[in-house]
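Architecture at a glance
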Amino acid sequence: MRAAQLLFLAMMTSLVAVTSPLCAQERPPRPLEAPPVRVPPYEVRTMPNGLRVVVVSQNEQPAVSLRMLVKAGTAQDPTGRPGVAAMVGALLDQGTAKRSSEQISDVIDYVGGALGTGAGTDLSYVNVLVLKDSFDFALDLMSEVVQTPSFPQDELDRVRTQALSAMGVNMQDPEFVADAVIDRLVYGFHPYGLPGNGTPESLQQVTRDDLVQFHKAWFSPNNALLAVVGDVDVEEAFAGVARAFGQWQPKDLPVLPIAEVPEPTRRVVLVDRPNAVQTEIRAGHVAIARKHPDYMALNLATKILGGEGANRLQNVLRSEKGLTYGASADMDAYKLTGAIIAETDTQTSTTGEALRLAVDEFWRLVREPVGDRELMGAQAYLSGSFPLSIETADGIALQVLNLLFFDLDVKELETYRDRINAVTSDDIQRVSRQFIKPGRLSIVLVGDARKVLPQLKAVGIDNVEILPLADLDLTSPSLQRRGAPTRAPAAAR
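Just so you know, these numbers come straight off a predicted model, no measurement behind them. (Residues numbered from 1 in each chain as written. Predicted model: local features only at pLDDT ≥ 70, side-chain atom pairs only at ≥ 80, totals over all residues. Heavy atoms only, no water.)

**Looking at the sheet that holds strand 9 (residues 327–333)**
Taken in spatial order, the six strands line up as 9-10-8-11-7-12 in an open sheet, and their pairing is mixed. Every interior strand has two partners, whereas the edge strands, strand 9 and strand 12 (464–468), have only one. Strand-to-strand twist of the sheet, defined as the mean angle between neighbouring strand axes without regard to direction, takes the value 20°. Of the strands in this sheet, strand 7 (267–272), strand 8 (278–286), strand 9, strand 10 (338–347) and strand 11 (442–447) are in contact with helix 6 (residues 174–187), which crosses strand 8 at around 25°. Across the sheet, helix 11 (residues 312–320) lies against strand 9 and strand 10, angled at about 155° from strand 9, the strand it touches most. (Pairing = 2+ DSSP bridges. Helix = DSSP H or I, 4+ residues; strand = E, 2+ residues; numbered from the N terminus. Axes fitted to C-alpha atoms, helices over the stretch in contact; angles between N-to-C directions. Contact = heavy atoms within 4.5 Å.)

Put into structure tokens, the structure is as follows:
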């Protein structure tokens, strides 16, 4: 037995000796070239009343999806009434001139479909999904919900109660608080900085008439986009839309004063949660709108800072230092402006170190050219994930709607990969130096102020505003509720 074992070992040693030099010289195979992206056919038309319609015909499944966007959301809330658009979105399908909330629910269930409504920052939406044989029904139901919502008082009271309850829960969530406060610091009193879902005080004041007036002002065919996607002929789709929405009358839209976009401003707010074992960290400032010509380059720069394909923040804070489970940076790009915001969390005892390292990565992006490997990683992620976003007819429609919504050329869909790969390291450094301002970052921390404040001073961060969580008011310039004790910045005390 032992002789056999020795013979086996000798054979294996000989084999390794022969193969090792070859293995050492081998290199990973070159990556395959990305397959060409084929955008399935779609058609865009504008109806006589101004409604823009996208049709994507695809018969892989016997279903049709309708998506309507109305170009008004929480950013168009009436002055002093945050939460109106969100309530309108929540109540669109809760009663119309013809049907009650229960009847709407019953009819959509009867045909095996789904109906959803809501509101975002720049838009409100209505989505309907049905089987092919219910296409006309879906158009009629969407038309009814969009044009004649009744906003019943009892439904308003119910939704208001639910929203107030959710707010109470959210304000105990440090991640929610950090996100809400950083938006407020970054955007100031620009509509993007105000709480889109409202505040307890504003929701109590919202009336049915507020909802009616918002709907009357903004819901108009010349302020809407509609996508029809699925197992339906193109001409059949346009004919159906003309029948269901042809009588919807256009109107003059409100002209709102242009909201001032604040400059990046250094402000450090520490929301105190005594005995918290972790600190939520946010750092960011205002950036650019979606339509800006440097959007692609700045988006890639943000991916290198903290996004998919590169993520310096993750590499430093987690992989090298072990200070967090995750770190990232995102670029929001809306109609009027946008923001770059980095986020992470860490143990209370390492708050100062984690924040310093995160800010250092902003500085490094500005000061040092980006290497080819990092840029290629970010480009590969965006380029590689793009085909997944247009695999389905619904995905194609969403992409087209997105371009139309931001007044961009629909042909950009076909040149997406080329535009990504055309961005150079020099472009990244140029936009980083132009738009990223590390010395003017707004910073939010949610944690135990008694333990965190000395760490901030140790890393050179002063003039910290300490705010008890119970006193937080996102509509106040000081971020403190009226009547709360005034607290000076920590460096002044």
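Now that the structure has been shown, the text picks up again.
**Topic: the packing of aromatic side chains**
If you walk through the whole model with that rule in mind, you get six aromatic pairs. Seen in terms of ring centroids, Tyr 187 and Tyr 192 are 5.7 Å apart; in terms of plane orientation they differ by 80°. Their pairing is edge-to-face. The same class applies to Tyr 187 as to Tyr 192, namely buried. Where Phe 245 meets Trp 248, the ring centres are 6.0 Å apart and the plane angle is 45°; that geometry is what we call tilted. The burial state of Phe 245 is the same as that of Trp 248; both residues are buried. (Phe/Tyr/Trp six-rings, centres within 6.5 Å; stacked < 30°, edge-to-face > 60°. Buried < 20%, exposed > 50% of the residue type's maximum accessible area, 1.4 Å probe, protein only.)

**Some remarks on the packing of helix 12 (residues 351–367) against helix 16 (residues 425–435)**
Packing of helix 12 against helix 16 brings their axes to within 7 Å, and their N-to-C directions diverge by 125°. One finds that helix 12 runs oblique with respect to helix 16. Residue-level inspection shows Leu 365, Val 366 and Arg 367 of helix 12 in contact with helix 16, the latter providing Gln 429, Ser 432 and Arg 433. (Parallel < 35°, antiparallel > 145°, perpendicular 65-115°, else oblique.)

**Here's the deal with unusual backbone geometry**
Of note, Phe 151 is a non-glycine position whose phi angle comes to about 45°, a positive value. Here the phi dihedral of Asn 275 falls at roughly 70°; this positive angle occurs in a residue that is not glycine. Inspection of the secondary structure puts Asn 275 in the loop between strand 7 and strand 8.

**Section: the confidence of the model for the chain**
Put simply, the chain has an average pLDDT of 91, and 90% of its residues get 70 or more. A low-confidence stretch, residues 1–26 (pLDDT under 50), is modelled with one contact involving residues beyond four sequence positions or located in other chains. (pLDDT = per-residue confidence, 0-100.)

**A closer look at the nonpolar core**
By size, the foremost hydrophobic cluster in this structure holds 75 residues, and its most contacted members are Leu 298, Ile 304, Leu 355, Ile 428, Ile 443 and Leu 445. Core analysis: the second largest hydrophobic core is formed by 49 residues, Val 70, Ile 108, Met 142 and Leu 203 among them. (Core = buried A, V, L, I, M, F, W, Y, C linked by side-chain atoms within 4.5 Å.)

**Here's the deal with the packing of helix 2 (residues 84–91) against helix 5 (residues 153–170)**
Between helix 2 and helix 5, the least distance of the axes is 10 Å, while the angle of their chain directions is 120°. Here helix 2 and helix 5 pass one another in a crossing that is right-handed. Along its contact with helix 2, which presents Met 87, Ala 90 and Leu 91, the element helix 5 presents Glu 155, Leu 156, Val 159 and Arg 160. A per-class count over the contact of helix 2 with helix 5 returns five nonpolar, no polar and two charged. (Left-handed = near helix turned anticlockwise from the far one by under 90°. Nonpolar A, V, L, I, M, F, W, Y, C, P; charged D, E, K, R; others polar.)

**A word on the pattern of salt bridges**
Under the definition given, this model contains 20 salt bridges. Asp 294 serves as the salt-bridge partner of Arg 430, at 3.0 Å between the closest nitrogen and oxygen. Within this pair, whereas Arg 430 is found in helix 16, its partner Asp 294 is found in the loop between strand 8 and helix 10 (295–306), the two being separated by 136 residues in sequence. Given a relative accessible area of 37%, Arg 430 falls into the partly exposed group. Given the relative accessible area of 13%, Asp 294 is considered buried. Taking the shortest distance from any N to any O, the salt bridge between Glu 374 and Arg 312 comes out at 2.7 Å. Taken together, the residues Glu 374 in helix 13 (residues 372–389) and Arg 312 in helix 11 connect sequence positions 62 residues apart. Here Arg 312 falls in the buried class, since its relative accessible area comes to 3%. What you see here is one network of salt bridges that share partners, running through Glu 43, Arg 45 and Glu 235. (Salt bridge = Lys/Arg side-chain N within 4 Å of Asp/Glu carboxyl O.)

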